[in-house]
Amino acid sequence: GAGVSQSPSNKVTEKGKDVELRCDPISGHTALYWYRQSLGQGLEFLIYFQGNSAPDKSGLPSDRFSAERTGGSVSTLTIQRTQQEDSAVYLCASSSQPSRQAEAFFGQGTRLTVV
Amino acid sequence: GENVEQHPSTLSVQEGDSAVIKCTYSDSASNYFPWYKQELGKRPQLIIDIRSNVGEKKDQRIAVTLNKTAKHFSLHITETQPEDSAVYFCAAASGSARQLTFGSGTQLTVLP
């Protein structure tokens, strides 16, 4: 597709369940970010992938959160044993070669609601 | 790592007035500074960016200035219109991988 695609767009889950959120970046983009945005709040950095380098996981809030990026393309963010405070919009963004310092394109986000 | 601070967190202006949002960064090696606009319920989108080899860039009613010595950059919107109402995020790219670090955002409201 032409843009960053995220799925599902909405997810309601019960407390304690695991969820997987998917991000399809723009083809050829080597950099991929995950952010969390609570209602009316800013962009909370979660994790950053760049090519084959080790990801920057410094933003993951707990060991219940993990992410992987297979083949340098699709990324999956997994939240285990979800809690109500995990409810937020999860945004993914990708950008091309870092040396070009190109803009980051955002997906439409996944709205996660933990009940 | 990089730290980006953004002020103010909220800003209200009358239609037609100017709006200024300011950001500071900590990593003197940062050299790319984009600004994103996020309308309610939508994804953030790039509106303007500046690289460290220039001090100012303009695009119609919006402009960004960069002061490398002081490590701060600002977004200027002139002749504001109601459709400018949104959350604006600044960011700085640092490190060998040019990882983006975002500011906390400014909620701009343009009053008719």
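Scroll up to find the structure.
Computed from a prediction, not measured in an experiment: that's the story for all the values here. (Residues numbered from 1 in each chain as written. Chains lettered and ligands numbered in written order. Predicted model: local features only at pLDDT ≥ 70, side-chain atom pairs only at ≥ 80, totals over all residues. Heavy atoms only, no water.)

A. Highlighting the interface of chain B and chain A. The partner chain A presents 21 residues to the 15 residues of chain B that form the contact. For the pair chain B and chain A, the two sides together bury roughly 1,600 Å², of which 53% comes from carbon and sulfur. When the buried area of chain B at its contact with chain A is split by residue, Arg43, Gln99 and Phe102 of chain B rank highest and sum to 33% of it. Counting across the chain B and chain A interface gives zero salt bridges. For the side of chain B that touches chain A, the elements supplying multiple residues, two or more each, are strand 4 (32–38), strand 5 (45–51) and strand 10 (99–102) of chain B. When the residues that make up the side of chain B that touches chain A are grouped by side-chain class, the tally is eight nonpolar, four polar and three charged. (Contact = heavy atoms within 4.5 Å. Buried area = accessible area lost by both parts, 1.4 Å probe. Salt bridge = Lys/Arg side-chain N within 4 Å of Asp/Glu carboxyl O. Helix = DSSP H or I, 4+ residues; strand = E, 2+ residues; numbered from the N terminus. Nonpolar A, V, L, I, M, F, W, Y, C, P; charged D, E, K, R; others polar.)

B. Up close: the sheet that holds strand 1 (residues 5–7) of chain A. Residue and element names in this part refer to chain A. The strand order across the open sheet formed by four strands is 1-3-7-6, and the pairing between neighbours is antiparallel. The open sheet terminates on both sides in strands that have one partner only, identified here as strand 1 and strand 6 (65–69). Ignoring which end each strand starts from, the neighbouring axes of this sheet average 15 degrees apart. (Pairing = 2+ DSSP bridges. Axes fitted to C-alpha atoms, helices over the stretch in contact; angles between N-to-C directions.)

C. Structural detail: the packing of aromatic side chains. Across all of its chains, the model carries 13 aromatic pairs over all chains by this definition. With 6.1 Å between their ring centres and 65 degrees between their planes, Tyr35 of chain A and Phe45 of chain A make a pair best called edge-to-face. Within this pair, whereas Tyr35 of chain A is found in strand 4 (residues 31–37), its partner Phe45 of chain A is found in strand 5 (residues 44–50), the two being separated by ten residues in sequence. Connected via pairs of aromatic rings, a cluster forms that spans Tyr33, Tyr35, Phe45, Tyr48 and Phe106 of chain A together with Tyr36, Phe89 and Phe102 of chain B. (Phe/Tyr/Trp six-rings, centres within 6.5 Å; stacked < 30°, edge-to-face > 60°.)

D. Seen up close, the state of the cysteines. Taken as a whole and assessed by the stated rule, the structure comprises two disulfides over all chains. Put simply, Cys23 of chain A and Cys92 of chain A are joined by a disulfide, and their sulfur atoms are 1.9 Å apart. Residues Cys23 of chain A and Cys92 of chain A share a disulfide whose torsion about the S-S bond is about -65 degrees; that sign makes it left-handed. Here Cys23 of chain A, found in strand 3 (residues 19–24), pairs with Cys92 of chain A, found in strand 8 (residues 88–95); they are 69 residues apart in sequence, far enough to count as distant. Under the relative-accessibility criterion, Cys23 of chain A is labelled buried at 0%. Here Cys23 of chain B connects covalently by a disulfide to Cys90 of chain B, the sulfurs 2.0 Å from one another. As the torsion about the S-S bond is roughly -100 degrees, the Cys23 of chain B-Cys90 of chain B disulfide counts as left-handed. Separated by 67 residues along the polypeptide, Cys23 of chain B in strand 3 (residues 19–25) and Cys90 of chain B in strand 9 (residues 86–94) bring together distant segments of the chain. For Cys23 of chain B, a relative accessible area of 1% corresponds to the buried category. (Disulfide = S-S within 2.5 Å. Buried < 20%, exposed > 50% of the residue type's maximum accessible area, 1.4 Å probe, protein only.)

Coordinates in, geometry out; function isn't part of it.
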